[in-house]
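Listed below are the residues making up each chain.
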Amino acid sequence: MTTTETAPGALAAVVRTPGHSLPGPLYAGEEAYRTDLEAVFGRSWLFVATEPEIAEPGDFITVDIGRRSVILIRDDDMSVRAFHNVCRHRGSRLLDACSGSTGNIVCPYHQWTYDTEGHLLHAESSGPDLDRAALSLRPVHVRPVAGLIFICLAAEPSADFDDYAATVSPYLAPHRLAQAKVATQIDIIEDGNWKLVMENNRECTHCGGHPELIKSLFPVYGYQPEDISPRLRPAFERYSAAHREFTATCDELGMLWRANEQLDTRQTGFRIEREPLDMAGESFTADGRRACRKLLADFPTARLGRLSMHVQPNAWFHALADHAVTFSVLPIAPDKSLLRTTWLVHKDAVEGRDYELDSLTHVWRLTNDQDRTFVARAHRGVSDPAYVPGPYLAPEYQVDAFCTWYADRLAEYRAAAGV
Amino acid sequence: MTTTETAPGALAAVVRTPGHSLPGPLYAGEEAYRTDLEAVFGRSWLFVATEPEIAEPGDFITVDIGRRSVILIRDDDMSVRAFHNVCRHRGSRLLDACSGSTGNIVCPYHQWTYDTEGHLLHAESSGPDLDRAALSLRPVHVRPVAGLIFICLAAEPSADFDDYAATVSPYLAPHRLAQAKVATQIDIIEDGNWKLVMENNRECTHCGGHPELIKSLFPVYGYQPEDISPRLRPAFERYSAAHREFTATCDELGMLWRANEQLDTRQTGFRIEREPLDMAGESFTADGRRACRKLLADFPTARLGRLSMHVQPNAWFHALADHAVTFSVLPIAPDKSLLRTTWLVHKDAVEGRDYELDSLTHVWRLTNDQDRTFVARAHRGVSDPAYVPGPYLAPEYQVDAFCTWYADRLAEYRAAAGV
Amino acid sequence: MTTTETAPGALAAVVRTPGHSLPGPLYAGEEAYRTDLEAVFGRSWLFVATEPEIAEPGDFITVDIGRRSVILIRDDDMSVRAFHNVCRHRGSRLLDACSGSTGNIVCPYHQWTYDTEGHLLHAESSGPDLDRAALSLRPVHVRPVAGLIFICLAAEPSADFDDYAATVSPYLAPHRLAQAKVATQIDIIEDGNWKLVMENNRECTHCGGHPELIKSLFPVYGYQPEDISPRLRPAFERYSAAHREFTATCDELGMLWRANEQLDTRQTGFRIEREPLDMAGESFTADGRRACRKLLADFPTARLGRLSMHVQPNAWFHALADHAVTFSVLPIAPDKSLLRTTWLVHKDAVEGRDYELDSLTHVWRLTNDQDRTFVARAHRGVSDPAYVPGPYLAPEYQVDAFCTWYADRLAEYRAAAGV
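It should be emphasised that the depicted structure is a prediction, and the values quoted were computed from it without experimental measurement.

**Q** Got a sec to walk through the relation of the copies chain B and chain A? Specific residues and values, please.
**A** Its rotation angle being 120°, the transformation that places chain B on chain A also includes 0.1 Å of axial translation and leaves an RMSD of 0.0 Å. Taken together, the rotation and translation describe the operation of a three-fold axis. The two copies present different faces, since only 4% of the interface residues in chain B are matched by interface residues at the equivalent positions in chain A.

**Q** Would you mind going over the packing of helix α3 (residues 194-201) of chain A against helix α5 (residues 357-382) of chain A in detail, with residue names and values included?
**A** Residue and element names in this part refer to chain A. Close contact between α3 and α5 brings their axes to 9 Å; oriented N to C, the two are set at 125°. By the angle between their axes, α3 is oblique relative to α5. The two elements α3 and α5 meet at a crossing, and its hand is right-handed. Across from Leu196, Val197 and Asn200 in α3, the residues of α5 making contact are Asp371, Phe374, Val375, Ala378 and His379. Of the residues that constitute the contact of α3 with α5, the class distribution is 5 nonpolar, 2 polar and 1 charged.

**Q** Explain the interface of chain B and chain A to me, and be specific about the residues and the numbers.
**A** Between chain B and chain A, the contact holds 26 residues from the first and 29 residues from the second. The residue inventory of the side of chain B that touches chain A, partitioned by class, reads 12 nonpolar, 9 polar and 5 charged.

**Q** Which residues make up α3(A), and what are the values?
**A** All names here are of chain A. Among the 8 residues of α3, 7 are classified as buried, and the element is accordingly described as predominantly covered. Looking at α3, one finds that the buried residues are Trp194, Lys195, Leu196, Val197, Met198, Glu199 and Asn200. Elements that come into contact with the buried residues of α3 comprise β11 (181-190), β16 (324-333), β17 (336-345), α5 and α6 (397-417).

**Q** Explain the sheet that holds strand β8 (residues 120-122) of chain A residue by residue, including any values.
**A** Residue and element names in this part refer to chain A. Across the sheet, which stays open at both edges, the 3 strands sit in the order β6-β7-β8 with antiparallel pairing between neighbours. Only two strands of the sheet have a single partner each, and these edge strands are β6 (105-106) and β8. Strand direction decides the pairing type here: strand β7 (residues 113-114) and β8, joined by 2 bridges, are antiparallel. Its bridge partner being in β8, threonine 113 is matched across the sheet by histidine 122.

**Q** Before we move on, can you summarise the domain arrangement of chain A with the specific residues and values?
**A** A common way to express how large an interface is: the accessible area buried when the components associate. Residue and element names in this part refer to chain A. Looking at chain A, the domain boundaries give domain 1 (45-157) and domain 2 (166-406). Taking only C-alpha atoms, the centre of domain 1 and the centre of domain 2 are 31 Å apart. Listed by partner, the interface residues are 15 residues for domain 1 and 19 residues for domain 2. At the level of secondary structure, the elements contributing two or more residues to the side of domain 1 that touches domain 2 comprise β1 (45-50) and β2 (59-65). The leading source of residues in the side of domain 1 that touches domain 2 is β1, at 5 residues.

Conventions and cut-offs
Residues numbered from 1 in each chain as written. Chains lettered and ligands numbered in written order. Predicted model: local features only at pLDDT ≥ 70, side-chain atom pairs only at ≥ 80, totals over all residues. Least-squares fit on C-alpha atoms with pLDDT ≥ 70 in both. Contact = placed C-beta atoms within 7 Å. Axes fitted to C-alpha atoms, helices over the stretch in contact; angles between N-to-C directions. Helix = DSSP H or I, 4+ residues; strand = E, 2+ residues; numbered from the N terminus. Parallel < 35°, antiparallel > 145°, perpendicular 65-115°, else oblique. Left-handed = near helix turned anticlockwise from the far one by under 90°. Nonpolar A, V, L, I, M, F, W, Y, C, P; charged D, E, K, R; others polar. Buried ≥ 20, exposed ≤ 12 C-beta atoms within 10 Å, placed from the backbone. Pairing = 2+ DSSP bridges. Domains from an automatic or database assignment.

Quick look at the structure:
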């Protein structure tokens, strides 16, 4: 942890200037971290896992959010359940492992035993007076959306998530993510505040720093034609040509592609759009050809570009014809964030035959690592007392929207908490 | 250090529900740690060492309590002295080593020199105006009790310690701990708050997790007959039979055995009792036979079970016929505690002939390590904002008493400090 | 970082007793650290580098002060410039390296490009509305003094620096440090508060702990004749004899030598004096002979002793005939300080022919390491709640002056900040 130089209690007086990056105290220091865990991660719907990670009854994963740990487990009826990973007896963590499979959930300390629906089944020497019904595991709100699992730690989750789910499901459904399998999952720790990780993903004006990615991804994301510099002109023209052909294909196949962007106008801020890829147009590879021979579904073509979705506060996704890749960001300290990247392929795809892990993950492993460097440098800079928020340029309008959304969440939290 | 999510100043409003584990903010976070160092470790008598650790004049050890360091030294009259390990000149630590032997205490910075009674003997270039008498080492209250050394950091230590010492000395005296020698001492760091380490030792409902220990220790400690589950029935019956024979032996030998339990009714909360061991009944070994051939004293039998004592806030002890083992717990961070375990044998016992270190320490090395895992998991759980204090069951009544005692100490401290 | 036991906000009530070491809370804990960064390092002129470190246009170094990073760069007109190392766009650190050479300063995130005078030259996709003139790099006040580079982070630096520079320049000028070259630079981290590092250097009553140094440096620094103990008598007599001859030589050569001591009477507290060395009297070596055959300037003799300067808050210097050595102290945590030591020799001196790095640096490498031990032990002691400030003795009067100066800076800061 970076030692903070900000005095405690200083945060409430900090005001953001629209169109500019956030004030430094909102990025650095214990108080901002604590506030974000409550105001944002304690209230928003969070993407934390994919359904294929817990495919069978009894399969579980545990997810840490600040000092919280949440169990996601598939119950015997194939529903996804979520519980706080805390025994109702004396508070011991129940499950240590990041993932596994279990029958009942048995506390390793005094063997209190819960079923997969959270009911307390057994507590030795407890006597008849113990109110077992009052000692079920504390549930966490959980919602799978087209194979993506979201949780919400709030007592009363935002109702706008229903509308979000209804909006994005038809885009995602063709990729059949709930039926996919995990090819691999990689966690990296970024030395920067979670907001800087998210901001970094909201613009492509830094994409010159991603030489592998921009072979297949057009580096004009977020640009309007009038903002295209001479350097980007050739890419933009290729993009425009590809886009015309691509959207015609999508329309023909009945696949939704139009951008739906609601980043700063709602609690579950999001953006979804299907866009063409460069080169062969199939996947995130050096030549744009598929990285997995077996496609995710019975698609008539692999040239389906990327269905890209952002969901605030903490996730982004790319669903392609041959694979999907999901990204979740979780704060672990004021200046540390966990980035979890998960690659999904068709459940019958066979490693070594249909795909090689190395080539499937090559582009995003390198891109994540490049972004890690950008984020760490940005964190050090915005933690500097000499930092003054600077202006977002036009192709960074989504970063600005993210910051607006974030400032709204803080205001909402303070209004609710009366602070 | 775990990053805390608790806002500063939140602790005073936290209230404990009797019969339940402590509220989370009392276990985790900087404020609880700071408060405990003042309210508990700054005011209570603390067990910190055994007399055999400083057997000869000039022998010393240093003990850290939070940011404090205390020197325990045997002076030329064979008394045990305790001083703050801080030079009266410019504050340098005087003694770096954990243990050693010295004539005078000489500050390594500017050579200010103190005798073993703390008097300033020499300060170069100090001139006649220096008030040497006012610059003695600052003493710490110290009391040996039957070979166990207690200190108190308060200006005015609790007077109830006299009564405690008078009560327990006759139980301990036959084991002649002051005349023993240290076979070995092992420090481990537990990743949990000190209170969780103490609570863990106040009950045996988790003893299923100690397969080595429960070969000789009956896992029914703290149970009333009506709380014995079918699983524990055989052990309880063996215990009851052993107990009848054992207490008759003790009475015959004039060794005190009856429980004296004053855990939550006084400042120096304690419990002492002599109980039988399982199997051969002599020691903490796989077959219950002695681990040291030479007994601690001229006992007519080695089947003296365990004289077990708890002293709050920070220690427990087992004195057997063949050896004794002492445990002290000292907080080193909100989520880190030092557990120091010391094995004592007769001073003439010879390693390799009378005992092997490996087998002497086997059971408690493994048991401590198992407890370390329980405590770490408990700490993570009670630090989770989703943790809600749960009910103590009947065989955990001593844990409840510890928590009651602790809450009383906080109340007492706040009353005294006017906070 | 040591966990603090001091409650936040406790610092303002802390009062220093003149003639005594500082109260513990001023040495330890987050609040003191934060305050010092603002009150002292945010307002004073700081020595941070020597001119030879950035000899050519485009040469730069970066210096960290708390969470700040400052770029020192030589511009095309050979002036030394200083800028905050923060991009005016979204705050990224601009230069990662500790030192290097560059044409323009290009942000690695989005390629915003600044010239060596800090002007924003280029920002892709920025459009005509961007007020480039308002987005220059933020300058930091910078002043080279006879080859030594000082910066000031305050908006309005203290004007007394002009007088300081005018006073010391004639002492330093003959050594031609601006034209020297860096033989080597060594950073070490001391486990103690920066003030303890500075205090340690203000007295020689601990010089018995520096066996290598006191071969050439008379260990009577800071002593008046009446404070010389029998142990120091021989050294003092050698010193007195050497001093008479030495000052005559200096006078003859027109080299200033008289002490000018203004440690606690001004914002830029300093002391400068030229004094003889022991043995051959030329350099910090075992026999007092030069460590570099080629002298720093065209001196008629190498027996020029040491021109020693202290500048508060953070530096000291020794300029000799054959080399100079500079020391800067920068806080990096409440209990961690960076000590940077730089050895300068004539720019045409050739390693292996004119000097060996090992012997040139031998004495101060060992002395620094010995001081590191003293400082770490002092920090642990003054962090102990049992520490009580003790009396400074006569030969420690400069330490006392440093503490007086420091207390004045705190008072001045609080008056200015209204806290």
